[in-house]
Amino acid sequence: KQAADLLRSGQRFVVTAHAAPDGDALGSMLATAHGLRALGKEVLLYNEDAAPKRLNFLDGAKELRASFPANVKFDATVVHDCGDAALLGRRFPSGDVTGPLIILDHHATSSDFGDIVVRDPSASAVGVIVARLLSELGVKLSRPIAEALWCSLVSDTGWFRYSSTDLETMQLATACIEAGVKPWQFARQSEEEWPAARLRLLALSFATLELWPAEKPFIALLRLDTSMLTQAGAAPELGEGLVNYARGLEGIEVGVLLTSVRDGIRVSLRSKGGLDVGKVAAEFGGGGHAAAAGCFLHATVDNAKTKLLDALTAQAGAAR
């Protein structure tokens, strides 16, 4: 209600999400933007990075801007799917430009950096929280809003496969279809049109597979680095979802993807539910959910691997 009151009273807003937006971040922020515009508000869609190319078909996805207009101040900024201010990127301006921050998030581990924080770790996607907010604002579900919410839902529930999928999720999904979403059409545009470079990149990463410990493995680890991207002729976003292949192996509880970047190793962790990877990520300054989390390590790939395997083993022992 506090968030809705602030949005009703203002006229000019920023809508944003964590840098390098995924489907949940992009879909939820687009749904909010469409909803505010339906109320006659002015909206700037900001992100340090462009939307993933595979989701450019969404209404508004190509509007993302990496800078703020000069000498313009906003009544508030709505931040989606972001558990830490640092994830907004280095160019995000101060509060005298953005106005109060409204945080819409569902991460279990986070730092509440906003002025109004609407956080529900039980929500299957941030789109669920956005739908609640739009309902509070009296905004009806148009087709662009529904398609953006659908993007959020399917991205963070694994197309309704994950344990977070609940009755509210499916009721919202039904409402999206009633508003005009075509599930197969969306799936084809977002998941069935990968470039060939994606397969070449998968093959190179799959060749790095390690199962640990050797005698009774429950961790599957994959690596991704710049040389693989170059060899495959692939953009970094084509590595999206790689970690899920590791988790999907028989007998494996946790999938790990170590991505080498300029300053260290970006870590993606996925669990089948028996081990809380959010707690492991938090040990290294990251966070997320029990079944999906991430962090960043200023380390070599070998050092990062050793630290993570030790932490995951300790967490597995604690879980028993």
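Treat the numbers as computed from the prediction; the structure is a model and nothing was measured. (Residues numbered from 1 in each chain as written. Predicted model: local features only at pLDDT ≥ 70, side-chain atom pairs only at ≥ 80, totals over all residues. Heavy atoms only, no water.)

A.B. asks: Even after reading the chapter, I still don't get the overall build of the chain, so can you show me in this structure?
C.D. replies: Tallying secondary structure elements over the chain gives 12 helices and 11 strands in all. Taken over the C-alpha trace, the chain has a radius of gyration of 20 Å; the compact-globule value for 320 residues is 20 Å, and the two agree within 12%. Dimensions of the chain, computed from the C-alpha atoms along their principal axes, are close to 60 × 40 × 40 Å. Across the 320 residues in the chain, those meeting the buried criterion constitute 49%. Of the contacts formed within the chain by residues at least 6 apart in sequence, a portion of 64% connects residues at least 24 apart. Entry remark: accessible area of the chain is about 14700 Å², with carbon and sulfur atoms responsible for 52%. (Helix = DSSP H or I, 4+ residues; strand = E, 2+ residues; numbered from the N terminus. Rg over C-alpha atoms; globule rule 2.2 N^0.38 Å. Buried < 20%, exposed > 50% of the residue type's maximum accessible area, 1.4 Å probe, protein only. Contact = heavy atoms within 4.5 Å. Areas by Shrake-Rupley, 256 points an atom, 1.4 Å probe, with all protein chains shown as cover.)

A.B. asks: Explain the packing of helix α1 (residues 2-9) against helix α4 (residues 126-137) here, please?
C.D. replies: Helix-helix packing: each pair is described by the crossing angle between the helix axes and the interaxial distance. Interaxial distance between α1 and α4 falls to 9 Å at its minimum, and their mutual angle equals 55°. As the angle between them shows, α1 and α4 are arranged oblique. Once α1 is placed against α4, the crossing between them reads as right-handed. Between α1 and α4, the contacting residues are Ala3, Ala4, Leu7 and Arg8 on the first element and Leu133, Glu136 and Leu137 on the second. The residue inventory of the contact of α1 with α4, partitioned by class, reads 5 nonpolar, no polar and 2 charged. (Axes fitted to C-alpha atoms, helices over the stretch in contact; angles between N-to-C directions. Parallel < 35°, antiparallel > 145°, perpendicular 65-115°, else oblique. Left-handed = near helix turned anticlockwise from the far one by under 90°. Nonpolar A, V, L, I, M, F, W, Y, C, P; charged D, E, K, R; others polar.)

A.B. asks: Where do I start with the sheet that holds strand β2 (residues 42-45) in this structure?
C.D. replies: Either a parallel or an antiparallel arrangement is found when strands of a sheet pair, and the pairing is made through backbone hydrogen bonds. One open sheet accounts for 5 strands, arranged β2-β1-β3-β4-β5; its pairing is parallel. Two strands in the sheet have a free side with no partner beyond their single neighbour: β2 and β5 (116-119). On average, each strand axis in the sheet is tilted by 20° relative to the strand beside it, whichever way the strands run. Strand direction decides the pairing type here: strand β1 (residues 12-17) and β2, joined by 4 bridges, are parallel. (Pairing = 2+ DSSP bridges.)

A.B. asks: Help me out: how do you make sense of α4 in this one?
C.D. replies: Because an α-helix packs 3.6 residues into every turn, residues spaced three or four apart end up facing the same way. Here α4 contains 12 residues, and its C-alpha end-to-end distance of 17 Å stays within 8% of the 16 Å for a straight helix at 1.5 Å per residue. Judged by how many residues are buried, α4 sits mostly within the fold: 9 of 12 residues are covered. Every buried residue of α4 is accounted for by Val126, Gly127, Val128, Ile129, Val130, Ala131, Leu133, Leu134 and Leu137. Trailing α4 by a residue or two, Gly138 shows a phi angle of about 80°, which is positive. (Expected span 1.5 Å × (residues − 1).)

A.B. asks: Got a minute to help me understand the nonpolar core in this structure?
C.D. replies: Generally speaking, nonpolar side chains in soluble globular proteins are found buried as a group. Grouped together as the largest cluster of nonpolar side chains are 50 residues, with contacts concentrated most on Leu7, Leu26, Leu58, Ile102, Leu104 and Leu149. Core analysis: the second largest hydrophobic core is formed by 23 residues, Val267, Ala293, Ala299 and Ala304 among them. (Core = buried A, V, L, I, M, F, W, Y, C linked by side-chain atoms within 4.5 Å.)

A.B. asks: Can you walk me through the packing of aromatic side chains in this structure?
C.D. replies: Remark: the centre distance and the inter-plane angle together describe each pair of aromatic rings, the angle taken between the planes. Using the criterion set out here, one finds 9 aromatic pairs in the structure. Between Tyr46 and Phe68 the ring centres are 4.7 Å apart and the planes differ by 45°, which places this aromatic pair in the tilted class. In this pair, Tyr46 sits in the loop between β2 and β3 (76-80) while Phe68 sits in the loop between β2 and β3, placing the two residues 22 residues apart along the sequence. For the residue pair Tyr46 and Phe68, the accessibility class agrees, reading buried in each case. With a centroid separation of 5.4 Å and an interplanar angle of 65°, the aromatic rings of Trp150 and Phe160 are classed as edge-to-face. (Phe/Tyr/Trp six-rings, centres within 6.5 Å; stacked < 30°, edge-to-face > 60°.)

A.B. asks: Any chance you could explain the side chain of Asn47 here in plain terms?
C.D. replies: Structurally, the position occupied by Asn47 is in the loop between β2 and β3. A distance of 2.9 Å separates the side chain of Asn47 from the backbone oxygen of His18, its partner in a polar contact. Other than its neighbours up to four places away in sequence, Asn47 contacts Thr16, Ala17, His18, Ala19, Ala20, Pro21, Leu64, Arg65 and Ala66. (Polar contact = N/O pair within 3.5 Å; in protein donor to acceptor, adjacent residues only side chain to side chain.)

A.B. asks: Looking at this model, I keep getting lost on the sheet that holds strand β7 (residues 219-224). Mind explaining?
C.D. replies: Pairing within the open sheet is mixed, and its 6 strands lie in the order β6-β7-β8-β9-β11-β10. Whereas interior strands pair on both sides, the edge strands pair on one side only; in this sheet they are β6 (210-212) and β10 (287-288). Bridge count for β10 against strand β11 (residues 292-297) is 2 bridges, and the pairing is antiparallel. Looking across to β11, one finds that Gly287 is bridged to Gly294.

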